[in-house]
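Letter by letter, the chains look like this.
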Amino acid sequence: MNEKIALLTIDTESWLISSKDLFKSTKNLKDIPIPESLLKNTYWFLRLFNDLSIKATFFILGCVAEKYPSLLKDILKHNHELGNHGYFHNFLYEYTEEEINENIFLGHEIIQRITGVTPKSFRAPYFSISEHNLPIIFSFLKNLGYTVDSSIFPIKTPLYGINNFDSTPKIIDGILVIPISIFSFYFFNFSLSLPISGGGYYRITPELLMMQLVKKYIKHNNTILLYFHPYEIDPNDIEIRNDNLSLKEKLIYIQQRVGRGRMKQKIKNILNLLKNWGFLFMSLQEFYEYKNH
Ligand SMILES: [Zn+2]
């Protein structure tokens, strides 16, 4: 059990789906356009993983599955795992218990209907599992036969996260919980934690610094979980209809855009580095099986 394992996850969504709640003008949009660039960008990941012979878990939203059913079949053809990311990309902690269950169930059901495969790994949209909704979500996941959750961001941010959550994978309420990897360290007397696992953090942080943090992290950890979004490799998938943005929203927009041109190369570099360091890439369900045998 001392092998080094990399768990690679892709939240398969376009920018506006992933970011609509960051802007007043799009927060309450019901019908989110899903551009075809989502396909182009997801296929880029599929080709890359194929070239590197690595496996990943693709978290799928029900609304994306409905629009692009053949994408799900292609992901399976490449032997990757399909996980459930809910039907709509909304904050689960803003939902009633019934709405939470409905969002999870609809996402679950549509993946099953399109592919005949029952998803067993879950990631909440926006990592929106909180201390309060965790027991409800986990009991519902268990009833549907789920074995893995990868929704917990162990740093509290304005949008998501549970502070000081131990990021080591472990069983909670019968579900293997694999939180997003973070690097914790002491700076003088202060305990600091930095996300080292992908997404915007990976896009914005200078590559050399990120590699140093990852190197330090894996000295003490055998498992690293990475996550990426297809839109982050695409400088064009960042359109917002209303350009009447507040100053704060303009800053968020710039932050969302920065680093996209370099992202493909950065992703190739970290994956190659982990391979060279002897990491095995597994889907989350393969990791679950591995932990149980
Ligand atoms: Zn997402």
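Summary of the structure given here. Per chain, the residues get numbers from 1 upward, laid out in the order the sequence is written. The predicted nature of this model means local features are confined to residues of pLDDT at least 70 and side-chain atom pairs, given and counted, to a pLDDT of 80 or more, with totals for whole chains, interfaces and linings taken over all residues.

Structural notes on the overall build of the protein
In DSSP terms, a helix is any run of H or I states spanning at least four residues, a strand is any run of E spanning at least two, and both are numbered starting from the N terminus. Secondary structure assignment for the protein yields 12 helices and 11 strands. In terms of C-alpha radius of gyration, the protein reaches 18 Å, essentially the compact-globule figure of 19 Å for 293 residues. On the principal axes, the C-alpha backbone points of the protein span a range of 45 × 45 × 40 Å. Exposed residues have 12 or fewer other C-beta atoms within 10 Å of their own C-beta, buried residues have 20 or more, and partly exposed residues fall in between, where C-beta atoms are placed from the backbone. Classification of the 293 residues of the protein by burial places 42% in the buried group. Each radius of gyration reported is based on C-alpha atoms, and the globular scaling rule is 2.2 Å times the count of residues to the power 0.38.

A short note on helix 9 (residues 207-220)
The length a helix should cover is 1.5 Å for every residue beyond the first. The terminal C-alpha atoms of helix 9 lie 21 Å apart, and with 14 residues this matches the ideal 20 Å at 1.5 Å per residue to within 8%. Among the residues of helix 9, those classed as buried are Met 210, Val 214 and Ile 218. Projected down its long axis, helix 9 shows its buried positions confined to an angular sector of 65 degrees, all on one face. Structural note: helix 9 exposes Leu 208, Leu 209, Lys 219 and His 220 on the side pointing more than 90 degrees away from its buried face. Buried residues in helix 9 make contact with helix 8 (199-204), strand 10 (223-228) and helix 11 (260-276). Arc, as used here, means the arc of the directions from the helix axis to the C-beta atoms. Our contact criterion uses C-beta atoms placed from the backbone: two residues qualify when those atoms are within 7 Å.

Some points on the packing of helix 5 (residues 69-77) against helix 6 (residues 97-115)
Note on method: axes are straight lines fitted to C-alpha atoms, helices fitted across the in-contact stretch only, with angles between N-to-C directions ranging 0 to 180 degrees. At a minimum axis distance of 10 Å, the contact between helix 5 and helix 6 shows a crossing angle of 75 degrees. Put simply, helix 5 runs roughly perpendicular to helix 6. Taking contact as the criterion, the partners of Pro 69, Leu 72, Lys 73 and Leu 76 in helix 5 are, on helix 6, Ile 111, Ile 114 and Thr 115. These descriptions rest on fixed angle ranges, namely under 35 degrees for roughly parallel, over 145 for roughly antiparallel, 65 to 115 for roughly perpendicular, and the rest for oblique.

A short note on the nonpolar core
Of all hydrophobic cores here, the largest spans 71 residues; its most connected members are Ala 6, Leu 7, Ile 60, Ala 65, Leu 72, Phe 127 and Ile 137. When near neighbours in sequence (up to four residues on either side) are disregarded, Ala 65 contacts Ile 60, Leu 72, Ile 110, Ile 111 and Ile 114. We define the nonpolar core as any set of buried residues of the types Ala, Val, Leu, Ile, Met, Phe, Trp, Tyr and Cys, connected via C-beta atoms lying within 7 Å of each other.

Looking at the pairing of strand 3 (residues 81-84)
Residues Glu 81 and Gly 83 line one face of strand 3 and the alternating positions Leu 82 and Asn 84 line the opposite face, and both faces are buried. We call two strands paired when DSSP finds no fewer than two bridges between them. Across four bridges, the pairing between strand 2 (residues 57-60) and strand 3 is parallel. Bridged to Ile 60 within strand 3 is Asn 84.

Digging into the packing of helix 6 against helix 7 (residues 134-143)
Helix 7 packs onto helix 6 with a crossing angle of 40 degrees between their chain directions and a minimal axis gap of 10 Å. Put simply, helix 6 runs oblique to helix 7. Crossing hand, helix 6 versus helix 7: right-handed. Of helix 7, the residues touching helix 6 (which contributes Glu 97, Ile 100, Asn 101 and Ile 104) are Ile 136, Ile 137 and Phe 140. Gly falls in the polar group here, along with every residue not listed as nonpolar (Ala, Val, Leu, Ile, Met, Phe, Trp, Tyr, Cys, Pro) or charged (Asp, Glu, Lys, Arg). Residue classes in the contact of helix 6 with helix 7 are distributed as five nonpolar, one polar and one charged. Here is the rule for handedness: rotate from the far helix to the near one, and if that takes an anticlockwise turn smaller than a right angle the crossing is left-handed, while a clockwise turn gives right-handed.

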